[in-house]
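# Coordinates in review
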Amino acid sequence: MLIPWIYHQDYDIPLPQNHRFSSSKFGDLWRLLKNCDLKENSKIFTPKPTTEDALLQIHSVEYINKIKYGKLTNEEERILGLPWSETLSKRSFLAVNGTALTCRLALSNGIACHLAGGTHHAHHNFGSGFCVFNDLAFASKSLISEGLCKKILIIDCDVHQGDGTATICNNDPNIFTCSVHAKNNFPINKVKSNMDIELADDITESDYLDQIQNMLDICFEKFLPDLVIYDAGVDVHSVDRLGRLNISSKCILKRDIKVLSFIKNMDIPVATVIGGGYSSDSLELAKRHSIIFQAVHSQYS
């Protein structure tokens, strides 16, 4: 089976040197993946930008226009963590639709993988933590409104809580938000997801994997979805600049395989996004983000 990969060459953005967010992380991941054996079992899809009307499902018209026309205040830009540029604006309209496309392809293929996504700190009327528009909420709301799904489960394993996703989706009974994150990391003020699992900074890899299994058991006992969106964040890694946990690449691979095999055994489609990952070494970061693609290959090829 050919596994859909979703990517656009305009995902990368210009940033100041030594910025904590890697300006080339999406392109770096693409260059790594297209030159490895996994590429032989993939099929590439390219998203188109979403519309302002479609984004109104999750964001305010005022905020959408600020991103489109570069009208963020200095404080809003500081909270977002990214300097506005026309490239950033165009990328943001593309990337949310990239995750929506990934979800649509997952429904028809059983699995699909986005080489971006996981912008879970974006709230209804402001961006935060390097997240402009919330792709997880957007894709979920879009597919449900189009009648393609009735119930969607968002499993977020980024080291930071998916606070924006929770605030946008938690009044929707058709979307179940689950966040497995570090207790003592950003955001300082957590919000309530449908399910939150907080991790101590000194958690062992064995206990971490136990928590992942516990999360899966509880989520699917509480909520049976038509589709799962899996945010496979790699900022839990021991070398991550913003992570604080001590999880290895080998353990992240085990985590991803555990999640994917559980969902596959229930015969539920899954769309993956790469989530957070921070490093001054672009190749190291690309290798980390490629782990979810290795896991998908092991389960679906």
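Everything below is about the structure printed above this text.
These lines cover the structure that appears in this document, whether it is placed above or below.

## Quick look at the side chain of threonine 177
- Looking at the secondary structure, you find threonine 177 in strand 5 (residues 175-182).
- On the accessibility criterion, threonine 177 (4% relative accessible area) is buried.
- In terms of polar contacts, threonine 177 uses its side chain to reach the side chain of asparagine 170, at 2.7 Å.
- Ignoring anything within four residues of it in the chain, the contact list for threonine 177 reads Ile154, Thr165, Ala166, Cys169, Asn170, Ser193, Asn194 and Met195.

## Some remarks on helix 10 (residues 282-289)
- Every buried residue of helix 10 is listed here: Leu285, Ala286, Arg288 and His289. The buried side chains of helix 10 occupy one side of the element, clustering within an arc of 160° when seen end-on.
- Put simply, aspartate 281 is the residue that caps the front of helix 10, since its side-chain oxygen is 3.2 Å from the backbone nitrogen of leucine 283.

## A short note on the nonpolar core
- Trp5, Leu82, Ile155, Tyr208, Met215, Phe220 and Phe293 are the most contacted members of the largest nonpolar core, which has 100 residues in total.
- Sort the elements by how many residues they give to this core and helix 5 (residues 86-109) lands first, with 10 residues.
- Sequence-distant contacts of leucine 82, defined by excluding residues within four places in its chain, comprise Ile13, Leu15, His19, Phe21, Glu77, Leu88, Arg91, Phe130 and Val132.

## Focus on the packing of helix 5 against helix 6 (residues 135-145)
- Packing of helix 5 against helix 6 leaves a shortest axis separation of 8 Å and a crossing angle of 50°. Viewed along their axes, helix 5 and helix 6 adopt a mutual orientation that is oblique. Two packed elements cross with a definite hand, and for helix 5 against helix 6 that hand is right-handed. From helix 5, Ala95, Val96, Asn97, Thr99, Ala100, Cys103, Arg104 and Leu107 reach across to helix 6, where they touch Asp135, Phe138, Ala139, Ser142 and Leu143.
- Classifying every residue of the contact of helix 5 with helix 6 gives eight nonpolar, three polar and two charged.

## Some words on the environment of leucine 242
- Residue position: leucine 242 is located in the loop between strand 7 (227-231) and helix 9 (249-265).
- Along the backbone, leucine 242 and tyrosine 278 are 36 residues apart, and their C-alpha atoms lie at a distance of 6.4 Å.
- If sequence neighbours within four positions are ignored, leucine 242 has contacts with Arg20, Phe130, Val159, His160, Asn185 and Tyr278.

## Here's the deal with helix 11 (residues 291-300)
- For helix 11, the buried fraction is high: seven of the 10 residues fall into the buried class.
- Within helix 11 the residues assigned to the buried category are Ile291, Ile292, Phe293, Ala295, Val296, Gln299 and Tyr300.

Reading the values: the criteria
- Residues numbered from 1 in each chain as written.
- Predicted model: local features only at pLDDT ≥ 70, side-chain atom pairs only at ≥ 80, totals over all residues.
- Heavy atoms only, no water.
- Helix = DSSP H or I, 4+ residues; strand = E, 2+ residues; numbered from the N terminus.
- Buried < 20%, exposed > 50% of the residue type's maximum accessible area, 1.4 Å probe, protein only.
- Polar contact = N/O pair within 3.5 Å; in protein donor to acceptor, adjacent residues only side chain to side chain.
- Contact = heavy atoms within 4.5 Å.
- Arc of directions from axis to C-beta.
- Core = buried A, V, L, I, M, F, W, Y, C linked by side-chain atoms within 4.5 Å.
- Axes fitted to C-alpha atoms, helices over the stretch in contact; angles between N-to-C directions.
- Parallel < 35°, antiparallel > 145°, perpendicular 65-115°, else oblique.
- Left-handed = near helix turned anticlockwise from the far one by under 90°.
- Nonpolar A, V, L, I, M, F, W, Y, C, P; charged D, E, K, R; others polar.

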